[in-house]
Amino acid sequence: MKTEWDYTTLADAYLKRPDYADAAIDAMLSIAGAEQGDKFCDVGAGVAHLTLMLAARGLDVTAVEPNDAMRANGIKRTAELVNVKWHEGTGEATGQATQAFDMVTFGSSFNVCDRQQALKETARILKPRGWFACMWNHRNLEDPIQARIEAIIKERVPGYGYGTRREDQTAVIDASELFGPVVHLDARVIHEQSIEECLEAWRSHATLERQAGANFHEVISAIDDYLKGLKTPSIQIPYSTNIWVAQLR
């Protein structure tokens, strides 16, 4: 399925992206009153990071993903799970039945949708009083290693920014007038990566590639030099899982 952001070349690198913090996922499910067997739609499911976490908690997950390569990796990772099924679709057009789900989740995907259209589609496929959640892992940019990487990027890409993925999503959700009060959750998680895995993650960073343009390879090379100069086989990367949760009116 053709979308504005094409993740085909990034699909394998996404297998090594960090999972979300268990504490944040559990808090989200607690707020929503989720029970085993509840029907969830995980939109923009990618290679199944969030899908797997939901399935492990006994939820019945329909994973929706537009990119063939990402979806193929997700299908492979969930092949043994009877409570996961996959469909091609987008946040704006999931292809799912009306009032079919107890909760709809967007794991690191809400920012690449038309958010108002995605919220309308979410409201359509949710059961009455169902729940919406969107989430991202944010690197702790105050960590010394991450701070240096940020400096490397901004020295070479003037005006670099992360777009809507680092914004507070409350105003956007409120503007839809479809959902009740928004709850924001966050919890820390540490992800250990080898130096090569970390570099691969940066090579697959779609936002950086878009904004850096012709300077992208220079940025990656500078990050490569810095990380290899640390003379360590791996680093610990501190993340915060940020989730916004709201109930359908």
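Refer to the structure presented above.
Residues numbered from 1 in each chain as written. Predicted model: local features only at pLDDT ≥ 70, side-chain atom pairs only at ≥ 80, totals over all residues. Heavy atoms only, no water.

Participant: What is the right way to look at the pairing of strand β4 (residues 101–107) in this model?
Facilitator: In the case of a regular strand, side chains alternate between the two sheet surfaces. Counting buried positions along β4 yields six of seven residues, so the element is predominantly enclosed. Here four bridges tie strand β1 (residues 39–43) to β4, and the two strands are oriented parallel to one another. Counted as the bridge partner of V43 is F106 from β4. Of the pairings in the sheet, the one linking β4 to strand β5 (residues 126–139) comprises six bridges and is parallel in character. By the bridge assignment for β5, T105 is matched with A133. On the question of chirality, the crossover connecting β4 to the parallel β5 by way of helix α4 (residues 115–125) is right-handed. (Buried < 20%, exposed > 50% of the residue type's maximum accessible area, 1.4 Å probe, protein only. Helix = DSSP H or I, 4+ residues; strand = E, 2+ residues; numbered from the N terminus. Pairing = 2+ DSSP bridges. Right-handed = clockwise from strand over helix to strand, strands pointing away.)

Participant: I keep staring at the sheet that holds strand β7 (residues 234–247) and nothing clicks. Help me out?
Facilitator: The strands that make up a sheet pair up through hydrogen bonds in the backbone, lying either parallel or antiparallel. Spatial ordering of the open sheet is given by β3-β2-β1-β4-β5-β7-β6, a layout of seven strands whose pairing is mixed. Whereas interior strands pair on both sides, the edge strands pair on one side only; in this sheet they are β3 (84–87) and β6 (183–194). Here the average twist between neighbouring strands, direction ignored, is 20°. Of the pairings in the sheet, the one linking β5 to β7 comprises nine bridges and is antiparallel in character. Within β7, the position partnered with C134 by the bridge is W244. (Axes fitted to C-alpha atoms, helices over the stretch in contact; angles between N-to-C directions.)

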